[in-house]
Amino acid sequence: MTKTNQPIFPNPPKKVQGYHTYLPDQVQPVGSLLNPEVYKQNQDPPKLFESLTIRGVEFPNRVWIAPMCQYSSDNGKATDHHFVHLGSMAMRGWGNVMVEATAVVPEGRITPEDMGLWNDDQIEPLKRVVDYVHGVRGIIGIQLAHAGRKASNPAPWTLRQAIEEEGYKGGVVVGEENGGWPNNVQAPSAISFNQGNYANPVEITAEYIENLKKAFSDAVDRCKKIGFDYIEIHGAHGYLIHEFVDPLSNKRTDSYGGSLDNRIRLPLELAKLIREKWDKPLFYRVSATDWLEEELGPEKNKNDEWAWWGIEQTTILTQKLADIGVDLIDVSSGGNDLRQKVKVGPSYQLPYAEHLKKNVSNILVGTVGIITDPHQANDILEDGKADVILCARQALRDIDFPLEAALELGAAVSPAVQYERAWTRMVVKRDHVDKASHHHGVSEVQGEEGQKDSNGTSKKRTPPPEVHSSVP
Ligand SMILES: Cc1cc2nc3c(=O)[nH]c(=O)nc-3n(C[C@H](O)[C@H](O)[C@H](O)COP(=O)(O)O)c2cc1C
């Protein structure tokens, strides 16, 4: 007991119980709405900051981190880079953070430096990240993946450096001497993604498919041990699962090729087996189109055959995923055919998300792709076109996007306690609700550089023009 007549402050700091270092408690999740009784502007909050509960997991808001490969793993193991990268984002108010595409077998990595979850040594470094994110009251999930025929590549900057520094012009297959597996690149059919540039894959055997299911199942067991809040299956961007569903890359004659039912058999089996053993949220990332109308005509050709993978088949697949119990479809596009003509621009993949929202029952819909403005993001949700927003590049450019969005939209959300002093302009006790401040027509924010808002003044935050690179 302190015996003194000093004006003693009685409270000890609130700390996270059981965490292995001192960690101040955030008291409520970073990025969650502050008490609407006190912050009256939160009584009718922008939809972007409405929480979302899926299978008992409460996501504090709807502006989420999209999966992003970091090519910074050590034999598939998370490193300090991941701890800092994901941990920092959890401190900045994102409704969740997602671990990048994580291979369930070694040959399912895009690059030798990809994240993996095929052995128990990979549990501990990821658990360190997850424990920290939970320590700061964040939500964290993981994208489970297999790179299929696009495996054994170099990290993008390794290739860029070779091109820029040495004038390199050759292919992109990493050899065994650099940790690659050029002779063990697996695909539904032995068709290269880019002949002479990418690997020549071997056709997956029936035995490989059984082993693959087991690998996904084992990875889910590891996810349980790690304590992830949700799992996303990577079914997009021309990787293995997309390759299976797509008539252009799947020419199999067994029960996994040919008809649409056969081509979607693998993702449905995977979703089912994961759903049976994983009772937390399960998401699926889909490429909703190959963007091949201009090259190949309609998705279903005049002989009534599916010519390429598009939104009609995606809708059928998504309904079946919903029926299995997949909770959310994360709607991306492209990546499986070099002839793709992507119509890039703000919210460019939103029409596909919106289509699935309208046409599929019992599934939440996430949209991703050049969403860089708070009004743009919020209006998508207010207009009922999607249920959550995922950001990739915007998060890398502006890690504070969620809190800046709250400021812009007139909501008061919780900053990390350590950073409170930077957010006094946002955490203001208002005595009224000003819905008008957070609702604008989406069309107002979809323009190019220099666009004016409805008052004729230049908008503060203009979405920068993006190029569509081949996405992981
Ligand atoms: C650095 C980087 C890494 C990425 N890695 C993945 C990945 O691991 N899995 C995936 O599905 N998409 C990946 N993507 C694609 C993004 O998740 C996202 O769909 C795409 O970048 C479009 O969103 P944006 O305009 O907000 O960047 C990656 C994108 C970037 C920029």
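Residues numbered from 1 in each chain as written. Predicted model: local features only at pLDDT ≥ 70, side-chain atom pairs only at ≥ 80, totals over all residues.

A.B. asks: Is there a simple way to explain the overall build of the protein chain in this structure?
C.D. replies: Secondary structure assignment for the protein chain yields 13 helices and 13 strands. In summary, the protein chain has a C-alpha radius of gyration of 23 Å against a globular reference of 23 Å for 472 residues, a match within 12%. Along the first, second and third principal axes, the C-alpha set of the protein chain runs to 85 × 55 × 50 Å. Relative to its full complement of 472 residues, the protein chain shows a buried share of 46%. (Helix = DSSP H or I, 4+ residues; strand = E, 2+ residues; numbered from the N terminus. Rg over C-alpha atoms; globule rule 2.2 N^0.38 Å. Buried ≥ 20, exposed ≤ 12 C-beta atoms within 10 Å, placed from the backbone.)

A.B. asks: Looking at this structure, how should I read helix 2 (residues 123-135)?
C.D. replies: Owing to its 3.6 residues per turn, the α-helix aligns residues three or four sequence positions apart on the same side. If you check helix 2, its first and last C-alpha atoms are 18 Å apart, about what 13 residues at 1.5 Å a residue would give, namely 18 Å. Summarising the contacts, the buried residues of helix 2 are in contact with helix 1 (80-90), strand 4 (97-103), strand 6 (140-145) and helix 4 (206-226). (Expected span 1.5 Å × (residues − 1). Contact = placed C-beta atoms within 7 Å.)

A.B. asks: In this structure, what is going on with the confidence of the model for the protein chain? I would like to understand it.
C.D. replies: Low pLDDT means the predicted atomic positions in that stretch should not be read closely. Mean pLDDT over the protein chain stands at 93; residues scoring 70 or higher make up 91%. Counting interchain partners and residues more than four positions distant, the pLDDT-below-50 stretch residues 441-465 has 30 contacts. (pLDDT = per-residue confidence, 0-100.)

A.B. asks: For this particular structure, what's the right way to read the site of the ligand?
C.D. replies: Contacts to the ligand come from 22 residues, most closely from Ala-66, Met-68, Ala-101, Ala-392 and Arg-393. Elements with a minimum of two residues in the shell around the ligand: strand 4 and helix 12 (393-397). Classifying every residue of the shell around the ligand gives 13 nonpolar, six polar and three charged. (Near = placed C-beta within 6 Å. Nonpolar A, V, L, I, M, F, W, Y, C, P; charged D, E, K, R; others polar.)

A.B. asks: Would you take a moment to explain the nonpolar core for this structure?
C.D. replies: Generally speaking, a soluble globular protein has its nonpolar side chains buried in company with each other. Within the largest apolar cluster, 114 residues are counted, with the highest numbers of intra-cluster contacts made by Ile-231, Ile-329 and Ile-389. For this core, the leading source of residues is helix 4, giving seven residues. Leave out the neighbours within four places in its chain, and Ile-231 touches Gly-141, Ile-142, Leu-144, Val-220, Cys-223, Ile-274, Trp-278 and Leu-282. (Core = buried A, V, L, I, M, F, W, Y, C linked by C-beta atoms within 7 Å.)

A.B. asks: Which parts of the structure should I look at to understand the pairing of strand 12 (residues 364-368)?
C.D. replies: Judged by how many residues are buried, strand 12 sits mostly within the fold: four of five residues are covered. As judged from the four bridges shared by strand 11 (residues 328-332) and strand 12, these two strands associate in the parallel manner. By the bridge assignment for strand 12, Asp-330 is matched with Gly-366. In this sheet, strand 13 (residues 388-391) lies alongside strand 12 in parallel orientation, the contact comprising three bridges. Residue Thr-367 lies in a different strand from strand 13, and its bridge partner there is Ile-389. Following the chain from strand 12 across helix 11 (residues 374-382) to the adjacent parallel strand 13, one finds a crossover that is right-handed. (Pairing = 2+ DSSP bridges. Right-handed = clockwise from strand over helix to strand, strands pointing away.)

A.B. asks: What is the right way to look at the sheet that holds strand 6 in this model?
C.D. replies: Sheet strands pair via backbone hydrogen bonds, and the direction of the pair is either parallel or antiparallel. Read from one edge of the open sheet, nine strands run 3-13-12-11-10-9-6-4-5, paired in parallel fashion. Every interior strand has two partners, whereas the edge strands, strand 3 (63-65) and strand 5 (115-116), have only one.

A.B. asks: Sorry if this is basic, but what is going on with unusual backbone geometry here?
C.D. replies: Note: most peptide bonds trans; most residues except glycine with negative phi. Backbone geometry places Val-27, a non-glycine residue, at a positive phi of 65 degrees. Topologically, Val-27 is positioned in the segment before strand 1 (52-54). Residue classification places Val-27 among the exposed residues on the basis of 9 C-beta atoms within 10 Å. In this structure, Ile-370 is a non-glycine residue whose phi angle is positive, near 50 degrees. Within the fold, Ile-370 resides in the loop between strand 12 and helix 11.

A.B. asks: Would you explain helix 4 in this entry?
C.D. replies: The end-to-end C-alpha distance of helix 4 is 30 Å, a good match for the 30 Å that 21 residues give at a rise of 1.5 Å each. Taken together, the buried positions of helix 4 are occupied by Leu-212, Ala-215, Phe-216, Ala-219, Val-220, Arg-222, Cys-223 and Ile-226. In an axial view of helix 4, the angular spread of the buried residues amounts to 160 degrees, which keeps them on one side of the axis. Opposite the packed face of helix 4, turned more than 90 degrees from it, sit the exposed residues Ala-206, Glu-207, Glu-210 and Lys-225. On its buried face, helix 4 sits against helix 2, strand 6, strand 9 (230-235) and helix 7 (265-277). (Arc of directions from axis to C-beta.)

A.B. asks: For this particular structure, what's the right way to read the environment of Val-129?
C.D. replies: Secondary-structure assignment places Val-129 in helix 2. Note: C-alpha distance between Val-129 and Ser-332 (203 residues apart in sequence) is 26 Å. Excluding residues that lie within four positions of it along the chain, Val-129 makes contacts with Ala-78, His-82, Phe-83, Leu-86 and Gly-87.

A.B. asks: Explanation requested: the pairing of strand 6 in the structure shown.
C.D. replies: When a strand is regular, its side chains alternate between the sheet's two faces. The buried count for strand 6 comes to six of six residues, which makes it a mostly enclosed element. The alternating pattern of strand 6 places Ile-140, Ile-142 and Leu-144 on one face and Gly-141, Gln-143 and Ala-145 on the opposite face, and all of these are buried. Direction of pairing for strand 4 relative to strand 6: parallel, over a ladder of six bridges. Looking at the pairing, Ala-103 lines up with Ala-145 of strand 6. Strand direction decides the pairing type here: strand 6 and strand 9, joined by four bridges, are parallel. Considered in strand 9, the bridge of Ile-142 is made with Ile-231.

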